Amino acid sequence: MVDGNKGYGLDDSPVRARGAQFKVVRERMHLPSSYIAARCGVSRITVSRWESGVTRIPPAAAALLWELDNYSHRCVDAVVDAARARTAPMVVVWEHAEEMPPGRGRDLGPRWWRAVAGRAMDRVPALIVGSPRELDRITGSRERTMAEAIGLGVTPIR
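Please read these numbers as outputs of a predicted model, since none were measured by experiment. (Residues numbered from 1 in each chain as written. Predicted model: local features only at pLDDT ≥ 70, side-chain atom pairs only at ≥ 80, totals over all residues. Heavy atoms only, no water.)

### Considerations on the packing of aromatic side chains
On inspection of all chains with the given rule, the structure shows three aromatic pairs. Between Phe 22 and Trp 50 the ring centres are 5.9 Å apart and the planes differ by 80°, which places this aromatic pair in the edge-to-face class. Linking Phe 22 in helix H1 (residues 15-28) with Trp 50 in helix H3 (residues 44-51), this pair joins segments that are 28 residues apart in sequence. Look at Phe 22 and you get buried, because its relative accessible area is 0%. On the numbers, 6.0 Å between centres and 15° between planes, the contact of Tyr 71 with Trp 112 is stacked. Pair noted here: Tyr 71 is in helix H4 (residues 59-84) and Trp 112 is in helix H6 (residues 110-123), with a separation of 41 residues, a long-range link. Here Tyr 71 and Trp 112 have matching classes, each one buried. (Phe/Tyr/Trp six-rings, centres within 6.5 Å; stacked < 30°, edge-to-face > 60°. Helix = DSSP H or I, 4+ residues; strand = E, 2+ residues; numbered from the N terminus. Buried < 20%, exposed > 50% of the residue type's maximum accessible area, 1.4 Å probe, protein only.)

So, in structure tokens, the structure goes:
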């Protein structure tokens, strides 16, 4: 995890290195550049220019990415904690945002949630990850899937 805002364009390292690191962190979370652009009120081309080191990353954009990265780490920890408390842990993942429950996780999108689930799998090898339909076959019903599977409900509010 990143300490403070170092590494996100707020230190004195070369611009190109900061841009590359910004991109690596964004991609690790599986967030599209369009998400960052929308949150920062800029175009995708502007985000691309930051990431390629053409222009300096504004402190507010760096702080946003830092906050999202920290939030993602806390979400992985929450999934891991929930999984370790279950005998047969399962995580439900979705293909489309419209299928997800409303909230911050839905705003970040299904690719972000699948990245969280994947990082949790690294720490809990027995973790089963599946779509609602796949998990329904294991549990026997959608009602049981939603009651037993780890979903966005375990994530921190902020």
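Anyway, onward from the coordinates.
### Digging into the side chain of Asp 136
Here Asp 136 lies in helix H7 (residues 132-139). The class of Asp 136 is buried, set by a relative accessible area of 17%. Apart from the residues lying within four places of it in its own chain, the contact partners of Asp 136 are Ser 141, Arg 142 and Thr 145. (Contact = heavy atoms within 4.5 Å.)

### Description of the environment of Trp 50
Accessibility expressed as a relative area gives 4% for Trp 50, which makes it buried. In this structure the C-alpha to C-alpha distance between Trp 50 and Phe 22, which are 28 residues apart in sequence, comes to 8.1 Å. Setting aside residues no more than four positions away along its own chain, Trp 50 makes contact with Gly 19, Phe 22, Ile 36, Cys 40, Val 42, Thr 55, Arg 56, Ile 57, Pro 58 and Ala 61.

### Things to note about the nonpolar core
Counting residues in each nonpolar core, the largest one holds 40 residues, and the members touching the most others are Ile 36, Trp 112 and Trp 113. If you list the elements that add at least two residues to this core, you get H1, helix H2 (33-40), H3, H4, strand S1 (90-92) and H6. At 12 residues, H4 tops the list of elements feeding residues into this core. (Core = buried A, V, L, I, M, F, W, Y, C linked by side-chain atoms within 4.5 Å.)

### Regarding H7
Along H7, the residues that are buried comprise Pro 132, Leu 135, Asp 136 and Thr 139. Buried residues of H7, viewed axially, fall in a sector of 115°; they line one side. Across H7 from its buried face, at more than 90 degrees, point the exposed residues Arg 133, Arg 137 and Ile 138. Where H7 terminates, the next one or two residues include Gly 140, which has phi positive at roughly 100°. (Arc of directions from axis to C-beta.)

### Focus on the packing of H2 against H3
One way to put it is that H2 packs onto H3 with a least axis distance of 8 Å and a crossing angle of 105°. When the interaxial angle is binned, H2 and H3 end up roughly perpendicular. Across from Ser 33, Ser 34, Ile 36, Ala 37 and Cys 40 in H2, the residues of H3 making contact are Arg 44, Val 47 and Trp 50. Partitioning the contact of H2 with H3 into residue classes produces five nonpolar, two polar and one charged. (Axes fitted to C-alpha atoms, helices over the stretch in contact; angles between N-to-C directions. Parallel < 35°, antiparallel > 145°, perpendicular 65-115°, else oblique. Nonpolar A, V, L, I, M, F, W, Y, C, P; charged D, E, K, R; others polar.)

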